[in-house]
Structure formats: structure tokens, C-alpha cells
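Spelled out from the first residue to the last, the chains are:
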Amino acid sequence: IIKKRINLGHMMQAARDAVKCGMTLQANFVLGHHEESLSDILSTYRFLVHCAWVGFTEVHLACFYPLPNTEDWEKLRAQGRIPEYSDSLFLTIFQGADPLRPVSWNEHFSDRQMQIMIVFGYALFYGSSWVFRPWRFFQLLYHLATGQATNKTERILKESFRKIRMIGHAEAAN
């Protein structure tokens, strides 16, 4: 849907070679493009599993949001789906960058459905990754237990657990 001139075969071969050299790889995906269908999402899920199989260590999933002065922005403006410029418009657009609070620009999927699809994509990738490379799950647990964070996912989890503990301590103090 987005016009990227990428040869997936070459990209995946490069990824295999990088994994053999010991590099860590992150795949980034955008779900919910305004022209995307459920079958497109399912294809992305299949590719997520393939990335886990090849050896990608991390994934980032985001909800599509239109950027000003792009082809998608102009199409959505022409359809009347983007209102006049305002602070609230830009707040809505950039709030959609948060994978846990997506704003859907796709008429087929609600904000909640996008949230579920993004969370499911994460679960699918990491679940597949741990099935294909079980030691990674135990490595994650070890790093979290010892306070280490060797990649972005571990840093996010470490920070999330820290915030949960802070909230718990604050509630216990009250």
C-alpha cells in the first residue's frame, strides 16, 4: 500500500546474514493504513512470524497516522476525513503514534480494534520468537530480574515495571 521499493527476499537474506554475525535486528511495521484491509493485516502477521523465524530480536508495531503534506494526507483531506488545521487535529494525529492508544484512520477498523491488532501482533511476534528460540524468553526474565536491559524491549519492560512498583508504593502509602 505504501510505495516502498523493497525486495523482501534480499532484505530477509541480509537479515539472516546479520543474525549469523550476531547482530540484533528490529522490524518496524505500520498497521491500519487507510487503504489496508483485514487480509493485508493477516499478511503482515504472517511476515511477523517469518521475521521471528529468521531471528529478528525485536519488533515495533505502530498505527498508521497521516503526516501533513503527504499523498495520504491529501487523499484523506479530499475525502473530508481530515478537518481544518488545529491543535486538536495534531494532538489526535500524534496520539495515534502510541501503540496502546491508537487512533484509527481506517474506516474498517475502530481505535479499539487497532489496539487489539497491535497487541496481538506483539504477542504473535514474541510468542513465535520464544518458540523458535526458547532461550530468549529465559534471557529476558534474567535481564529483568537483574535490572539489565540489553535492548529496547527490555528497557521498555523495565521502565513499565518500575512505574507499576511506584504506583503500588504510592497506593500503599495512602
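Our subject is the structure that appears above.
Attention now goes to a nonpolar patch on the surface. Where nonpolar side chains cluster on the molecular surface, the patch consists of Ile6, Leu8 and Met11 and spans about 250 Å² of accessible area. Note on Leu8: relative accessible area 45%, which makes it partly exposed.

Looking at the element boundaries, Ser160 is found in helix H7 (residues 152-173). What makes Ser160 partly exposed here is its relative accessible area of 34%. A C-alpha to C-alpha distance of 34 Å links Ser160 and Ile82, two positions 78 residues apart in sequence.

Membership of the largest hydrophobic core comes to 24 residues, with the highest contact counts inside it found for Phe29, Leu48, Cys51, Phe56, Val59 and Phe125. Listing elements by their share of this core, those giving two or more residues are helix H1 (8-20), strand E1 (26-31), helix H2 (38-54), strand E2 (58-63) and helix H5 (111-132). Ranked by residues supplied to this core, first place goes to H2 with 7 residues. Apart from residues no more than four positions distant in its own chain, Phe29 is found in contact with Thr44, Phe47, Leu48, Cys51, Val59, His60, Leu61 and Ala62. Judged by nonpolar contacts, the second largest core, of 7 residues, contains Phe64, Trp73, Ile82 and Trp105.

What counts as what
Residues numbered from 1 in each chain as written. Predicted model: local features only at pLDDT ≥ 70, side-chain atom pairs only at ≥ 80, totals over all residues. Heavy atoms only, no water. Patch = residues over 30% accessible without salt bridge, like charges linked within 9 Å, V, L, I, M, F, W, Y side chains within 5 Å. Areas by Shrake-Rupley, 256 points an atom, 1.4 Å probe, with all protein chains shown as cover. Salt bridge = Lys/Arg side-chain N within 4 Å of Asp/Glu carboxyl O. Buried < 20%, exposed > 50% of the residue type's maximum accessible area, 1.4 Å probe, protein only. Helix = DSSP H or I, 4+ residues; strand = E, 2+ residues; numbered from the N terminus. Core = buried A, V, L, I, M, F, W, Y, C linked by side-chain atoms within 4.5 Å. Contact = heavy atoms within 4.5 Å.

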